[in-house]
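Spelled out, the chains give:
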Amino acid sequence: HAERAVWFSSRRAHLRLCLEKLKVLVPLGPESSKHTTLSLLMKAKLHIKKLEDYDRRALHQIEQLQREQRHLKRQLEKLGSERVRTDSVSSAVSSERSDSDRGETHVSMGIVRRPR
């Protein structure tokens, strides 16, 4: 019987220690000294639910921002490729003008330009 009493005593001490640690982790409010074990556990459960909800919303927001980032990257790539095409077209037009200044005929993109 003595071994059993020691086991229960150490178990209660361990439980008290865990409850004290829980009091530090769970927001209890101004009347924290008046909480029973049950009320502490209920508040801990509520706090965990709030944290899980916060985590779920944060993950949802991360996913949403990642989708938006991918969309914006695609738009940026599209604008970049359009700019390259625009630059090459304006470069071709510029070179056509310099060719026409020398009296040469230049064909570009199916359009024949003759000197003026």
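Cut-off values and rules
- Residues numbered from 1 in each chain as written.
- Predicted model: local features only at pLDDT ≥ 70, side-chain atom pairs only at ≥ 80, totals over all residues.
- Heavy atoms only, no water.
- Helix = DSSP H or I, 4+ residues; strand = E, 2+ residues; numbered from the N terminus.
- Buried < 20%, exposed > 50% of the residue type's maximum accessible area, 1.4 Å probe, protein only.
- Contact = heavy atoms within 4.5 Å.
- Areas by Shrake-Rupley, 256 points an atom, 1.4 Å probe, with all protein chains shown as cover.
- Core = buried A, V, L, I, M, F, W, Y, C linked by side-chain atoms within 4.5 Å.
- pLDDT = per-residue confidence, 0-100.
- Salt bridge = Lys/Arg side-chain N within 4 Å of Asp/Glu carboxyl O.

Caption draft 1: Representation of the overall build of the protein. In terms of helices and strands, the protein carries two helices and two strands. Scanning the protein from its N terminus toward the C terminus, one meets helices and strands in the order α-α-β-β. Taking all 116 residues of the protein together, the buried fraction comes to 8%. Put simply, 0% of the contacts in the protein that link residues at least 6 apart link residues at least 24 apart. A total of about 10,500 Å² of accessible surface is found on the protein, and carbon and sulfur atoms cover 57% of it.

Caption draft 2: The nonpolar core, seen in detail. One finds Leu19, Val26, Leu28, Leu40 and Ala44 forming the largest nonpolar core, which totals five residues. Contact partners of Leu19, with chain neighbours within four places excluded, come to Thr37, Leu40 and Leu41.

Caption draft 3: Up close: the confidence of the model for the protein. Chain-level pLDDT for the protein is 81 on average; 75% of the residues reach the 70-or-more range. Segment residues 106–112 is flagged for pLDDT under 50; beyond a separation of four residues in sequence, or across chains, it makes 11 contacts in the model.

Caption draft 4: Quick look at the pattern of salt bridges. A full pass over the atoms with the stated rule returns three salt bridges. Residues joined in a network through salt bridges with shared partners are Asp53, Arg56 and Arg57.

Caption draft 5: Just the environment of Leu22, in detail. Position of Leu22 relative to the elements: it lies in helix α1 (residues 2–25). Sequence spacing of Leu22 and Ala44 is 22 residues, and the spatial spacing of their C-alpha atoms is 7.6 Å. Residues in contact with Leu22, not counting those within four places in the same chain, are Leu40, Leu41 and Ala44.

Caption draft 6: Spatial organisation of the environment of Leu25. Along the chain, Leu25 turns up in helix α1. For the pair Leu25 and His47, spaced 22 residues apart in the sequence, the C-alpha separation amounts to 9.4 Å.

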